Amino acid sequence: MGLEDLPHNFLTGQLEDLVKWARKSSMWPATFGLACCAIEMMSSGAADFDLARFGMEVFRNSPRQADLMIVAGRVSQKMAPVLRQVYDQMMEPKWVIAMGVCASSGGMFNNYAVVQGVDQIVPVDVYAPGCPPTPETLMHAILTLHEKVRSGEITRRRGVEPPVVLDAAPWVPEVPSAVRVSRPA
Amino acid sequence: MTTETQTIQAFEGFPTVASPGVAAVAFIPRDQYKAVVGALKADGFEMASDVCGVDYLIAGARTLPESVKPERFEVVASLLSMSRRIRVRIRVQLPDADPMVDSLFDLYPGTEAMEREAFDLVGIRFAGHPDLSRILLPEEWEGHPLRKDYGIGRVPVQFKSTPGPR
Amino acid sequence: MVLNEHITTVSRPIWPTEETSEGSQELFPRTSTDAAELGREVGAVLRLPEGPTLDPTQIDIERSDDETMIINMGPQHPSTHGVLRLMLELDGEVVLRTKPIIGYLHTGMEKQAEELSFIQGSTNVTRMDYLAPLHNELVFSLATEALLGVEMPRRATYIRMLMTELNRISSHLMWMATNGMDMGSTSMMIYGFREREMILSFFEKTTGLRMNHNYIRPGGVAADLPDGWEDDVEIICNTVEARSYEYDELLTGQTIFRGRMEGIGNLTAEEALALSVTGPLLRSTGVPWDLRRTMPYLAYDEVTFDVIVGTYGDNFDRYSIRLNEIRESVKIVRQLLANMPSGDYRVQDRKVTPPPRGRIDSSMEALIHHFKVFTEGFAVPEGEVYVAVESPRGELGCYLASDGGPKPYRMHIRGPSFVNLQALPLLMRGGLLSDAVAVISSVDPVMGEVDR
């Protein structure tokens, strides 16, 4: 239904929906590329796997201006307090994607020098596996996060509030809710 | 890789062995280490490629020349002669109680970072080094991880047992 | 020999951000720094044989503490190539002293290598220099093969050369992309990644992965080149070569680019040799040292290519060296394409390389060898060896000591960026802060191999 069908020149909707849609459409990442995953993150922002179509091409250098911290790479013991400091400098609402197995769980480096999973330091919303994850995997993780933000699922408390149910029209294939991307209105 | 058997004058009097890719590997006692390296530098070895430390605590029997007494620590310096296109390697044995050796910083300023790393990870002290502080690990870290009595520090993982003994 | 008291007790002023301060690794005001350390932070590390040592008090940038400002750049910063932290002392915009603080990506890879068998070792070393992973695998495999005493079949050698030269092209393209972005040219960033994607898709076809391939293993390579690889490589060569002339149009003649690169970050040959600098940084000073030409490994003496050498030792020389090295690598790849021998892609010694998967159903021996190689690993005779190759950043060396077991006893990788970073104080002294970014970019450090 287009704007021509409306008898009046305005749309109505919930303010929260608009806010959630705006948040997910222009989620600006902070540069936190550490190691090999940073190269794949840069590749996903470059020509072949364009992140700009999701509104995320501007990697803000200052954490104060960023919403999303993509921890790309292995976090060493020396880097851990720096990571926490950068996370603390970000403004609410903020999200974290742990990109790669080293950020998710320590990866292949189960030793004295690497923090075994960045969720020991900051709360993580989406984990992207891979060593390094291909840009498609990273975009899948980003879109999962976008979907969680858009549907409000990310703000619900587990066990207290009922889970968000996306209305399933007949043509939508049976996929887990995290994977389902919003269908066009 | 060139495996030339050129005689290195600075190595006269010291036990040497052959090794692939280098002209000679010499075992130098630690009090003559800097003098030999200085002689090599004067002989045309313009660049110090690498200085690293090794901990031979659990190695068992090593094949060393008879006159060389095996100790726990070793400092291995690789030097490169660009004019003659050869490499040499120097191995210095250092005892467990006092792992200290002369620094090569005066001869080759490029060894500063390499010696700091050997100190940081293996615990070998370099006398005359201008700033022997930790370089890779945080400042307040205790211990030297590449020593064999320092564990790998792994956390237990379900369904994956720790690797067996060497 | 006097014990260095520097190690145990250091009385330093307490800085406000104590959580992220690194103690004596940092830069301090001139009043609390002694002359020798001041000299090193200024970059005066040379003892010139024919002249006096460079006395820090004689350097023309002498300021008092009130006029200068010590700032911290990094470790999280868009302009550093990875997590490099720089403490700079500035007088206005002019950089007086620099101290790089590294270790923010220390992964304990050398310790990890002692826990992994030789056939797993490539997975570990490949993540050190993550822009040229095949070179790391190559040097580790060459060191292992030197200890094993096995000889590679010609096809394996040629495949290794092909893959590492393509990796050199992709690493230099990545450098041009990030260098362009550091200079402010985001279109160069996109162009560099666009070409790089072609090479990465060829790598994905051959090795299975876009990065960190675990392809070059002791004994040869993991798998043969796929069918139709000649066409893919030909397309890559033609495209990259043609587009390298487009980069000339965009960057080389452009006044802004030249103004930002020429005369910045000068290095002389004596300083470079004293600091053990290798790679394009050394070649830009005029020293024609390239391990592929001077101490050839693999089959580099059978291909013809030029070694690009600079004149002034500034950023622009390093840029042109890397751009022309892309063209030279394309030349080498074309020769390899024409002369690729047929044969085995890995050595046939069953104690070293696993048998083909199809054979383990039918042959008991093959099954046993497969099992032994992949669970316990093959034993490497006792000894130690140092092998070096020319990576896009310089001399990448591997010192490998084995005690006769299936795992390395000590593996040490001589990372070229680790050593080249020692030249940073020298390169940045007297320059502006915005040139500091350009200088770091032209040294091209990859923090994975700096910190390991």
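Refer to the structure above for everything that follows.
These lines cover the structure that appears in this document, whether it is placed above or below.

Analysis parameters
Residues numbered from 1 in each chain as written. Chains lettered and ligands numbered in written order. Predicted model: local features only at pLDDT ≥ 70, side-chain atom pairs only at ≥ 80, totals over all residues. Heavy atoms only, no water. Helix = DSSP H or I, 4+ residues; strand = E, 2+ residues; numbered from the N terminus. Contact = heavy atoms within 4.5 Å. Polar contact = N/O pair within 3.5 Å; in protein donor to acceptor, adjacent residues only side chain to side chain. Patch = residues over 30% accessible without salt bridge, like charges linked within 9 Å, V, L, I, M, F, W, Y side chains within 5 Å. Areas by Shrake-Rupley, 256 points an atom, 1.4 Å probe, with all protein chains shown as cover. Salt bridge = Lys/Arg side-chain N within 4 Å of Asp/Glu carboxyl O. Lys, Arg positive; Asp, Glu negative; His and termini not counted. Charge placed at Lys NZ, Arg CZ, Asp CG, Glu CD. Buried area = accessible area lost by both parts, 1.4 Å probe. Nonpolar A, V, L, I, M, F, W, Y, C, P; charged D, E, K, R; others polar. Core = buried A, V, L, I, M, F, W, Y, C linked by side-chain atoms within 4.5 Å. Buried < 20%, exposed > 50% of the residue type's maximum accessible area, 1.4 Å probe, protein only. Pairing = 2+ DSSP bridges. Axes fitted to C-alpha atoms, helices over the stretch in contact; angles between N-to-C directions.

1. Concerning unusual backbone geometry
With the exception of glycine, most residues fall at negative phi, and the peptide bonds are largely trans.
Item 1. Each neighbour pair has its own omega, and for Glu92(A) with Pro93(A) the value is -10°, a cis peptide bond.
Item 2. Residues Cys131(A) and Pro132(A) are joined by a peptide bond in cis, for which omega reads -10°.
Item 3. Looking at where Pro132(A) falls in the secondary structure, it is placed in the loop between strand E4 (126-128) and helix H5 (135-151).
Item 4. A positive phi angle, near 60°, is found at Arg85(B), a position not held by glycine.
Item 5. Of note, Arg85(B) is situated in the loop between strand E4 (73-81) and strand E5 (86-94).
Item 6. Residue Arg452(C) is not a glycine yet carries a positive backbone phi of 45°.

2. Observations concerning the environment of Arg74(A)
Item 1. Looking at the secondary structure, you find Arg74(A) in the loop between strand E2 (68-72) and helix H3 (80-89).
Item 2. Considering only alpha carbons, one finds Arg74(A) and Ile154(A), 80 residues apart in sequence, at a separation of 25 Å.
Item 3. If we skip the residues at most four places from it in the chain, Arg74(A) touches Leu34(A), Ala35(A), Cys36(A), Cys102(A), Phe109(A), Val114(A), Leu105(C), Thr107(C), Met109(C), Arg127(C) and Gly448(C).
Item 4. In terms of polar contacts, Arg74(A) uses its side chain to reach the side chain of Thr107(C), at 2.8 Å.
Item 5. Within the structure, the side chain of Arg74(A) is placed 3.1 Å from the backbone oxygen of Arg127(C), a separation counted as a polar contact.

3. Re a negative patch on the surface
Item 1. Taken together, Asp227(C), Glu230(C), Asp231(C) and Glu234(C) make up a surface patch of like negative charges.
Item 2. Its place among the elements puts Asp227(C) in the loop between strand E5 (220-221) and helix H7 (229-252).

4. A short note on the interface of chain A and chain B
Item 1. Residue-level contacts link six residues of chain A with 13 residues of chain B.
Item 2. For the pairing of chain A and chain B, the buried interface totals around 770 Å² over both sides, and the portion due to carbon and sulfur atoms is 63%.
Item 3. Of all residues in chain A, the largest losses of buried area upon contact with chain B belong to Lys78(A), Asn110(A) and Tyr112(A), amounting jointly to 78% of the total for that side.
Item 4. Across the contact surface, chain A and chain B share zero salt bridges.
Item 5. Linking chain A to chain B there are two residue pairs in polar contact (both at pLDDT 80 or more).
Item 6. Across the side of chain A that touches chain B, the residue classes break down as one nonpolar, four polar and one charged.

5. Brief notes about the nonpolar core
Item 1. Counting residues in hydrophobic clusters, the biggest one holds 207 residues, and the most contacted among them are Met69(A), Val71(A), Val75(A), Phe11(B), Leu40(B) and Ile90(B).
Item 2. Excluding residues within four positions of it along the chain, Ile90(B) makes contact with Phe11(B), Ala26(B), Ile28(B), Tyr33(B), Val36(B), Val37(B), Leu40(B), Val75(B), Val76(B), Ala77(B) and Leu79(B).
Item 3. Counting 21 residues, the second-largest nonpolar core is a separate cluster that includes Met41(A), Val126(A), Ala128(A) and Ile142(A).

6. A look at the sheet that holds strand E8 (residues 410-414) of chain C
Residues and elements named next belong to chain C.
Item 1. The antiparallel open sheet is built from three strands, whose spatial order is E6-E7-E8. Two strands bound the open sheet, and with one partner strand each, they are strand E6 (383-391) and E8. Between one strand axis and the next, the sheet turns by 10° as a mean value, whatever way the strands run.
Item 2. Of the strand pairs in this sheet, strand E7 (residues 394-402) and E8 are connected by five bridges, and their pairing is antiparallel. Directly across from glycine 397, in E8, lies its bridge partner arginine 414.
Item 3. Sheet strands touched by helix H4 (residues 133-148): E6, E7 and E8. Its angle to E6, the strand with the most contacts, is close to 150°.

7. Here we look at the interface of chain C and chain B
Think of interface size as the accessible area that goes away when the parts come together; that is how it is often given.
Item 1. Listed as interface residues are 60 residues of chain C and, on the opposing side, 72 residues of chain B.
Item 2. Between chain C and chain B, a total of about 5500 Å² is buried, with carbon and sulfur atoms accounting for 56% of that surface.
Item 3. For the interface between chain C and chain B, the tally reads six salt bridges.
Item 4. Across the pair Arg87(B) and Glu395(C) runs a salt bridge, and its minimum N-O distance is 3.0 Å.
Item 5. For the interface between chain C and chain B, the tally reads 22 residue pairs in polar contact (both at pLDDT 80 or more).
Item 6. Mapped by element, the contributors of at least two residues to the side of chain C that touches chain B are helix H2 (109-113), helix H9 (269-274), helix H11 (291-294), E6, E7, E8, helix H14 (416-420) and helix H17 (447-451) of chain C.
Item 7. No other element matches the five residues that E6(C) contributes to the side of chain C that touches chain B.
Item 8. Residue composition of the side of chain C that touches chain B, grouped by class: 29 nonpolar, 13 polar and 18 charged.

8. Things to note about the sheet that holds strand E2 (residues 85-91) of chain C
Residue and element names in this part refer to chain C.
Item 1. On the basis of which strands lie adjacent, the open sheet formed by three strands has the order E1-E2-E3 and antiparallel pairing. Each edge of the open sheet is held by one strand with a lone partner, namely strand E1 (69-73) and strand E3 (94-101). Neighbouring strand axes in the sheet, compared pairwise and without regard to direction, differ in orientation by 20° on average.
Item 2. Pairing between E1 and E2: five bridges, direction antiparallel. Bridging from a neighbouring strand, asparagine 72 pairs with methionine 87 of E2.
Item 3. Helix H16 (residues 433-443) rests against E1, E2 and E3 of the sheet, and its axis sits at about 150° to E2.

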